[in-house]
Amino acid sequence: MEQRYIELLKNFKQDSLSKFNIEITQEKADKLYRFYEMLVETNKMFNLTAITEFEDVLNKHFLDSISLAADPVFKDAGSIIDIGTGAGFPGIPLKIIFPEKKMVL
């Protein structure tokens, strides 16, 4: 992973996720980055999203998805259904951050 991406992920973890009292491990950050790589690669074949720059994906897709965790309904839910997930938002980032949740996409 390039140093630029490492710094953006570090800032994302410290600044954005801390607003929601969410801490993520390096393993989860690596999985988010891998999902980003897969998203961009698949987007070349299928128009999944117009947002493909890493920093934009962090702030517009990942943060939007993960912000659902602030809702008390999410916190209390044992399982979650993401209907019409499309490019995998919000389900995949949520599953990466909260692997204990049962998630159906």
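1. Topic: the packing of aromatic side chains
Applying the stated criterion to the full structure yields 7 aromatic pairs. Seen in terms of ring centroids, Tyr33 and Phe54 are 5.4 Å apart; in terms of plane orientation they differ by 75°. Their pairing is edge-to-face. One end of the pair, Tyr33, is in helix H2 (residues 26-43); the other, Phe54, is in helix H3 (residues 54-66), and 21 residues separate them in sequence. For the pair shown, Tyr33 and Phe54 are each scored as buried. Geometrically, the ring pair formed by Tyr36 and Phe54 is edge-to-face, given 4.8 Å between the ring centres and 70° between the ring planes. Highlighted residues: Tyr36 in helix H2 and Phe54 in helix H3, separated in sequence by 18 residues. Grouping residues by exposure puts Tyr36 and Phe54 together as buried.

2. Considerations on unusual backbone geometry
Phe89 connects to Pro90 through a cis peptide bond whose omega is 0°. In this fold, Pro90 is placed in the loop between strand E1 (79-81) and helix H5 (91-97).

3. Description of the pattern of salt bridges
Applying the stated criterion to the full structure yields 3 salt bridges. Between Glu27 and Lys31 there is a salt bridge; the shortest N-O distance is 3.6 Å. Taken together, the positions of Glu27 and Lys31, both in helix H2 and 4 residues apart, correspond to about one turn of that helix. Lys31 gets classed as partly exposed once you look at its relative accessible area, which sits at 43%. Two residues, Arg34 and Glu37, come together in a salt bridge whose shortest N-O distance is 3.5 Å. Residue Arg34 and its partner Glu37 are both found in helix H2; the two are separated by 3 residues, about one turn of the helix. Residue Arg34 is classed as partly exposed on the basis of its relative accessible area, which comes to 46%. For Glu37, a relative accessible area of 32% puts it in the partly exposed group.

The rules we used
- Residues numbered from 1 in each chain as written.
- Predicted model: local features only at pLDDT ≥ 70, side-chain atom pairs only at ≥ 80, totals over all residues.
- Heavy atoms only, no water.
- Phe/Tyr/Trp six-rings, centres within 6.5 Å; stacked < 30°, edge-to-face > 60°.
- Helix = DSSP H or I, 4+ residues; strand = E, 2+ residues; numbered from the N terminus.
- Buried < 20%, exposed > 50% of the residue type's maximum accessible area, 1.4 Å probe, protein only.
- Salt bridge = Lys/Arg side-chain N within 4 Å of Asp/Glu carboxyl O.

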